[in-house]
2 protein chains.
Amino acid sequence: MNSLTVGKLAKIVGINLETVRYYERIGLLPKPERTESGYRLYGNKDVKRLLFIAKAKELGFTLKEIKELLNLKIESKGTCGDVKKIAMNKISDIENKIKDLTRIKNVLQKLIAHCINEEITTDDCPILEAIEMDFNKE
Amino acid sequence: MNSLTVGKLAKIVGINLETVRYYERIGLLPKPERTESGYRLYGNKDVKRLLFIAKAKELGFTLKEIKELLNLKIESKGTCGDVKKIAMNKISDIENKIKDLTRIKNVLQKLIAHCINEEITTDDCPILEAIEMDFNKE
DNA sequence: ATAAGCACCGTAGTATGGTACGGAGTCAAG
DNA sequence: CTTGACTCCGTACCATACTACGGTGCTTAT
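Calculation criteria
Residues numbered from 1 in each chain as written. Chains lettered and ligands numbered in written order. Predicted model: local features only at pLDDT ≥ 70, side-chain atom pairs only at ≥ 80, totals over all residues. Heavy atoms only, no water. Salt bridge = Lys/Arg side-chain N within 4 Å of Asp/Glu carboxyl O. Near = heavy atom within 4 Å. Polar contact = N/O pair within 3.5 Å; in protein donor to acceptor, adjacent residues only side chain to side chain. Helix = DSSP H or I, 4+ residues; strand = E, 2+ residues; numbered from the N terminus. Nonpolar A, V, L, I, M, F, W, Y, C, P; charged D, E, K, R; others polar.

Undergrad: What should I look at first to understand the pattern of salt bridges in this one?
TA: Any two side chains of opposite charge can pair, on the condition that their charged atoms come close. Counted by the stated rule, this structure contains 14 salt bridges over all chains. The network of salt bridges with common partners includes A:E24, A:R34 and A:R40.

Here it is as structure tokens:
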């Protein structure tokens, strides 16, 4: 089950081997089993965890925030009530992100929609002001 | 109209004054007007631009990517067709981000939903495995 | 008219998130 | 039984995105 060396794990997930060690150092990855000779041994759980980390990073979460997200399921002291509170905060953060992304997306779509004549230079593309016009309405 | 000094601009937007200068250096903010004595003068457009930058950063865009987004409306060579292509790519990036965020949100909501007994310690909270279970489907 | 409070500039330092290096030990194939 | 690929570890270096510093000049309120 836990049969992946650090190099293989890194390759599967598509990250640098040194990054895996780095994540371990900062406590983002749990300390893995070791072989007799001291080699790290990883399993499926680690693959999933690293994939989660990669996604969450792309979404603008810092490693610290990702740690918090992951600790929501690992944290062993405190009650479900605590987890609930933290999770609810995370959810509202996420909802705000989705709202902002949607807004940017809408502006880009409007921009495309108005670029009907493909040969007009962008200088004359009237929608290029859309970002400013739209972005700050709630 | 353009009546803000760099310090006032920074205060309005809620960022460090040095950051404004930094953004100018890397070309993320246009070079502003100057007073006779060389003081920078900013206007409303700059406020909006900085607010956009701040949002986009939170959403996981790098400064380089933000520059690209902003250049979609500033770029003066190339056709609307080019803008369209770039914008469409950005839209699909954004859609992916929204998908991933939604997935994480769903997991968190499930986690909350199953935390009915507020006094059970998190060790026993059965949903704490949800992140792993859910995250990698589609 | 003078001192407090900004702004100017270049340069240096910091935090985060990696990435590389190098000398030594381990493993697996020929 | 050795050679090549992989691992170990600590440390050093890197890019990105700021943030601070410090000497000097401007501006404004008393």
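The discussion continues.
Undergrad: So what exactly am I meant to see when it comes to the protein's contact with DNA strand D here?
TA: In the vicinity of DNA strand D, 20 residues are found, and the nearest of them are A:T5, A:R40, B:Y23, B:Y39 and B:K57. Backbone sugar and phosphate groups make up 67% of those atoms of DNA strand D lying within 4 Å of the protein. Note that a phosphate oxygen of DNA strand D is positioned 2.6 Å from one of the side-chain N or O atoms of A:R40. In this structure, a phosphate oxygen belonging to DNA strand D sits 2.7 Å away from a side-chain N or O atom of B:S37. Those elements that provide at least two residues to the surface near DNA strand D are α1 (6-13) and α2 (17-25) of chain A together with α2 (17-25) of chain B. It is α2(B) that contributes the most residues to the surface near DNA strand D, five residues altogether. Among the residues making up the surface near DNA strand D, the classes are represented as seven nonpolar, seven polar and six charged.

Nothing here speaks to function; it is all geometry.
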